[in-house]
Amino acid sequence: MTGLTFNDLHKSFGAVHALRGVTFSVARGEAHACVGENGAGKSTLLKILAGIVRPDRGDVRLDDVPLHFSGPRDALSRGIGMVYQERLTFPSLSVAANIFAGREIVGRAGRLDEAAMRARTQALLDQLHVPVSPDVRMEHVSAAHAQLVEVARALAFDCQVLVLDEPTTSLTDAEVDHLFRVLADLKARGVTILFVSHRLPEVFRLCDRITVMRDGAFVGTFDRAATSPETIVRSMVGREPPERVERAAAAGGGPPRLSIRQLTRRPSFEDVSIDVRAGEIVGVFGLVGSGRTEVLETVFGLARADSGRVALDGEDVAIGSARDAARAGLALVPEDRQRLGLFFNLSLRHNLVLPRAVKAGVGRIHEAEEDTIARTQVRDLAIKTPSLARMPDTLSGGNQQKVVAGKWLATGPRVLLLDEPTKGVDVGAKFEIHNIIRSRAAEGMACLVVSSDLPEILALADRIVVMREGRVRGELAGRDATDEAVMRLATHEVEVRA
Amino acid sequence: MKKWWHARELSTVAILALEVLFFTWYLWPGAGQPHPFLNVGNVLLIFKYSSIYGIAAIGAAIVIICGGIDLAPGSVIALTTVVTGLLFVEHGWPLWASAAVGLLVGIGAGFVSAWLIVKARLPPFIATLGVMGIWRGAAYIITEARFYDLSARLPRDWHIAGVSVDWLGPIVMLVLAAVFQLLMTKYQWGRSVFAVGGNETAALFSGIPVHRVKTSAYVIAGLLAAVSGVVLAVVQGQGKADLANGYELDIIASAVVGGASLAGGRGSVAGAVLGALIFGVLRNALPQIPGATFYDRLIVGVVVIAIVVMDQVLVRRES
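What comes next is a walk through the structure. Since we're looking at a predicted model, the values are computed, not measured.

What follows concerns helix 6 (residues 168-186) of chain B. All names here are of chain B. For helix 6, spanning 19 residues, the distance from its first C-alpha to its last is 27 Å, which sits close to the expected 27 Å at 1.5 Å a residue. Within the span of helix 6, buried status applies to Gly169, Pro170, Met173, Leu176, Ala177, Phe180, Gln181 and Met184. Projection of helix 6 onto a plane perpendicular to its axis shows the buried side chains occupying an angular sector of 140 degrees, all on one side. Exposed side of helix 6, more than 90 degrees from the buried face: Val175 and Val179 are the residues found there. Those residues of helix 6 that are buried are in contact with helix 2 (40-65), helix 7 (188-198), helix 9 (210-236) and helix 11 (269-285).

Residues and elements named next belong to chain A. For Leu381, the location among the structural elements is in the loop between helix 13 (367-380) and helix 14 (397-409). Judged by C-beta crowding, with 21 C-beta atoms within 10 Å, Leu381 ranks as buried. For Leu381, the contacting residues outside a window of four places in its chain are Lys402, Ala405, Gly406 and Ile436.

With 25 residues of chain A at the interface, the matching set in chain B holds 20 residues. Taken together, the elements giving at least two residues each to the side of chain A that touches chain B come down to helix 10 (322-328), helix 11 (337-341) and helix 12 (348-360) of chain A. Sorting elements by how many residues they give to the side of chain A that touches chain B places helix 12 of chain A first, with 6 residues. Taken together, the residues of the side of chain A that touches chain B sort by class into 16 nonpolar, 4 polar and 5 charged.

What follows covers the pairing of strand 3 (residues 31-35) of chain A. All names here are of chain A. Of all 5 residues in strand 3, 5 are buried, a share of seventy percent or more. Side-chain alternation along strand 3 places Ala31, Ala33 and Val35 on one buried face and His32 and Cys34 on a second face that is also buried. Relative to strand 8 (residues 192-196), strand 3 runs parallel, the two sharing 4 bridges. Along strand 8, the bridge assignment pairs His32 with Leu194.

Here we come to the sheet that holds strand 14 (residues 307-312) of chain A. Residues and elements named next belong to chain A. Spatial strand order, 12-11-14-15: 4 strands in an open sheet with antiparallel pairing. Lying at the two open borders of the sheet, with one neighbouring strand each, are strand 12 (269-277) and strand 15 (315-316). Two strands pair when backbone bridges link them, and strand 14 and strand 15 are joined in this way by 2 bridges, in the antiparallel orientation. Bridged to Ala311 within strand 15 is Asp316. Contacts from helix 9 (residues 292-299) reach strand 11 (256-265), strand 12 and strand 14 within the one sheet, and its direction differs from that of strand 11 by about 115 degrees.

What counts as what
- Residues numbered from 1 in each chain as written.
- Chains lettered and ligands numbered in written order.
- Predicted model: local features only at pLDDT ≥ 70, side-chain atom pairs only at ≥ 80, totals over all residues.
- Helix = DSSP H or I, 4+ residues; strand = E, 2+ residues; numbered from the N terminus.
- Expected span 1.5 Å × (residues − 1).
- Buried ≥ 20, exposed ≤ 12 C-beta atoms within 10 Å, placed from the backbone.
- Arc of directions from axis to C-beta.
- Contact = placed C-beta atoms within 7 Å.
- Nonpolar A, V, L, I, M, F, W, Y, C, P; charged D, E, K, R; others polar.
- Pairing = 2+ DSSP bridges.
- Axes fitted to C-alpha atoms, helices over the stretch in contact; angles between N-to-C directions.

Right, here's the structure in full:
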């Protein structure tokens, strides 16, 4: 048949079976989604398609001709263009140079034909409606435009199949709209699209058929018209998505444990005041650019505020560094666990005990004590690992996130700050992480959760603070907040106070 | 529970053992003659020679694990011999006081590198490249083409507590290696060094005083280079500006052969000392092979690459 066929693919990495017999087809000219939890095998599938990883068994065929997997060039020469989740750009080179990196147009005697590449780049950018000059350096291009430049790079060479891996994670709604218009346009011109994503609304918006993978195996391919997001989620996880859990303790009053007063750091945010009581979970919702992450980082001492105060249990605290913050009893679980949260050269045990040891200022390390602390966290958070001596990169995304949370919970904080605590983790781990946050709050911790995941905020928070363009635009009680009400505040509505 | 004497150092020990076995076999003498390689005098010679850069390699390993690089130790060694020699020979200071000032010079040199890297935010390679020239230059300015003959004021055939001064370098190296191996594996400071080298941003977010940790690494590297310098001055009886020329590369190579990753976050102090011994044996044995003199440097280069490649293959197999 015509199109892209994955034929009985098997792949193991050591003892891990990443793929166990995946077979499905993407018809020519359709938009096809591939969905699944983290660890379902999507990344491995894409790596095989790109020629980065060789399958142990099985093959991939394009129009019934097998791909050879001799390297990324093979896929490209067959007209398969990939847009990876990670940015693979060269920041110091121009947009045109990025698009042609490794496949430059050369003239006689091997001279680079800059004019031709520039012209071709301009044409591609026009086609995608990207208002960026081919000459501007990549580091000056915004995240959304950089994403489209990567699409342009994939399209530059007679692309018949365009593969996108989680392309919308760092885009705002308007930017997603733009990307989708571009993709719809490409599809209309006969380009086959393979779209890998967590976000079901986007999948349903764009794709004709949806293939679900679970634990490295093929579950099924569904027609959009004949299925629903609930069905897809059920086949992804084998259970219903989590519901909001009401907690009795949250309703209680009492003085605020963490009190943020008129905190300002221009140009990120201005005049932000938030109170969090002991035992309370306060959610901060905002879209990209609302200043939500910056507020957390400033409270945690990673950036200096222009003005405003932060008080713990009624007393002003001066926090100038993460060290001060930890000593004062704050803990921050950062958004980017790869970059900010984990040490990939240290074992899980050492990762789990590090902030606690730093906070306590210990000299000699007591291995038995370390072991107890690490074991406690692994047990409490249900971190799935065969051994504490493992390195963090052997864990799934959800378990990595639990390690990041665990290393801070081990410090016994009074206030827990969480930035996008479940970004990029699968549905099951998400539910577990929510329960961890709830149980810590029940023990009396004050929890401030920043998230751009609206269902998460609605399911988790006792109160919801909505930010837009660096200001608090409103506050809602978690129990009666609706996604519409929150989204209105986050996008355009005037201020309200609950 | 992971032992501090874990797998990576064992493979370095194995390489060293293989190397010793090879030269023992290759240089096996005719009947009735003493073994030119395997005898007490020669082993002491190897240790004595290796200890000069072995001590500094301990510091280099710490800096590299911390995610940096230090090109200055050769120059710091030379400057330390000169300062110690100047005070001891020209000004008639007691040896301990001259040596103490020499060590302070090393600490100061470490602080200068650390300041350039942490405060002025220079890349470590550039900062220490510049610093390397400055200390070497300072040594030349002080000596003005002379050299200080410490041996004239030191006792002949000097023994301290019944031990020949020839053993000073090896003993200092082994003691310091043990101390820093412990500090790096059993103390929070060492853990922080690994953390900063492994992921500096995560270290900052974890409340580790990143600047202080980096500064400590460069100051220790400076101090240990100065210790090498003092040992060299005392054992060789000289304070001279062109001593230890090019040692920085041997020092870095020792740390790398001993398992330190230039990407930071990996390595060990014990490995660095073993690495220094691997080079010491090569440098000692190769000249004893007839006709090998001209191949000396080439072989050393090939060995560095071979060991690091082998290491990467092993690491890949593990994962």
